[in-house]
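For reference, the chains in residue letters:
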Amino acid sequence: PPPPPPPPSALFGLPPTPPAPYQPPAQPPMPSPPHMPPSGSAAPPAPPAATAAAHLPPATTSSLASHVKPTSAKGLPIQVIADAQKKAKYAVSALNFEDVSSAVQYLNEALHLLTAQKH
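So, a few notes on the structure that sits alongside this text.

Quick notes on the rules
Residues numbered from 1 in each chain as written. Predicted model: local features only at pLDDT ≥ 70, side-chain atom pairs only at ≥ 80, totals over all residues. Heavy atoms only, no water. Helix = DSSP H or I, 4+ residues; strand = E, 2+ residues; numbered from the N terminus. Buried < 20%, exposed > 50% of the residue type's maximum accessible area, 1.4 Å probe, protein only. Contact = heavy atoms within 4.5 Å. Areas by Shrake-Rupley, 256 points an atom, 1.4 Å probe, with all protein chains shown as cover. Salt bridge = Lys/Arg side-chain N within 4 Å of Asp/Glu carboxyl O. Axes fitted to C-alpha atoms, helices over the stretch in contact; angles between N-to-C directions. Parallel < 35°, antiparallel > 145°, perpendicular 65-115°, else oblique. Left-handed = near helix turned anticlockwise from the far one by under 90°. Nonpolar A, V, L, I, M, F, W, Y, C, P; charged D, E, K, R; others polar. Expected span 1.5 Å × (residues − 1). Arc of directions from axis to C-beta.

## Description of the overall build of the chain
No. 1: For the chain, the count of helices and strands is 5 helices and 0 strands.
No. 2: In the chain, which comprises 119 residues, the share counted as buried stands at 9%.
No. 3: Put simply, of all contacts in the chain between residues at least 6 apart along the chain, 35% involve residues at least 24 apart.
No. 4: A total accessible area of about 10900 Å² is found for the chain, and carbon and sulfur atoms account for 68% of it.

Given below as structure tokens:
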């Protein structure tokens, strides 16, 4: 029979190293149990904060939110600004494809949104 091939370390001029023995993966430490009061304690546990908040009246801002449009510092509705930004992004995308006519159309639409609003 032919002799066994040399170990890979010998191919690179390294001294042979024995294989490391199997080591099982380290287990993470177990979490400590939550602190429990002694069983003879007379004090009942405190109610969670969510239970106390459940007895408060509902916020009135939700009923006002449907009647008030959020506005920016310049007085434009936030949604108008978002729509104009979307049109401007479409224009940039059109220019990436060298579609100048679409880019001009989207930019005109964005300008119309921003200038048609009464400040």
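## A look at the pattern of salt bridges
No. 1: One pass over the structure, following the stated rule, counts 1 salt bridge.
No. 2: Between E109 and K87 there is a salt bridge, with the nearest N and O atoms lying 2.8 Å from each other. In this pair, E109 is assigned in helix α5 (residues 100–115) and K87 in helix α4 (residues 78–96), connecting sequence segments 22 residues apart.
No. 3: By relative accessible area, which is 26% here, E109 ends up partly exposed.

## Observations regarding the packing of α4 against α5
No. 1: At a minimum axis distance of 8 Å, the contact between α4 and α5 shows a crossing angle of 165 degrees. Regarding the angle of α4 to α5, the classification is roughly antiparallel. Crossing of α4 over α5 shows left-handed handedness. Seen from α4, the contacting residues are V80, D83, A84, K87, A88, Y90, A91, A94 and L95; seen from α5, they are V100, S102, A103, Y106, L107, E109, A110, L113 and L114.
No. 2: Per-class residue counts for the contact of α4 with α5 are 14 nonpolar, 1 polar and 3 charged.

## Digging into α5
No. 1: Over its 16 residues, α5 runs 22 Å from end to end, which matches the ideal 22 Å to within 8%, given 1.5 Å per residue.
No. 2: By the burial criterion, the buried members of α5 are S102, A103 and A110. Along the long axis of α5, the arc covered by the buried residues comes to 100 degrees, so they all point the same way. Of the residues in α5, the exposed ones pointing more than 90 degrees away from the buried face are V100, S101, H112 and T115.

Note that every value here comes from positions in space, so none of it alone points to a role or purpose.
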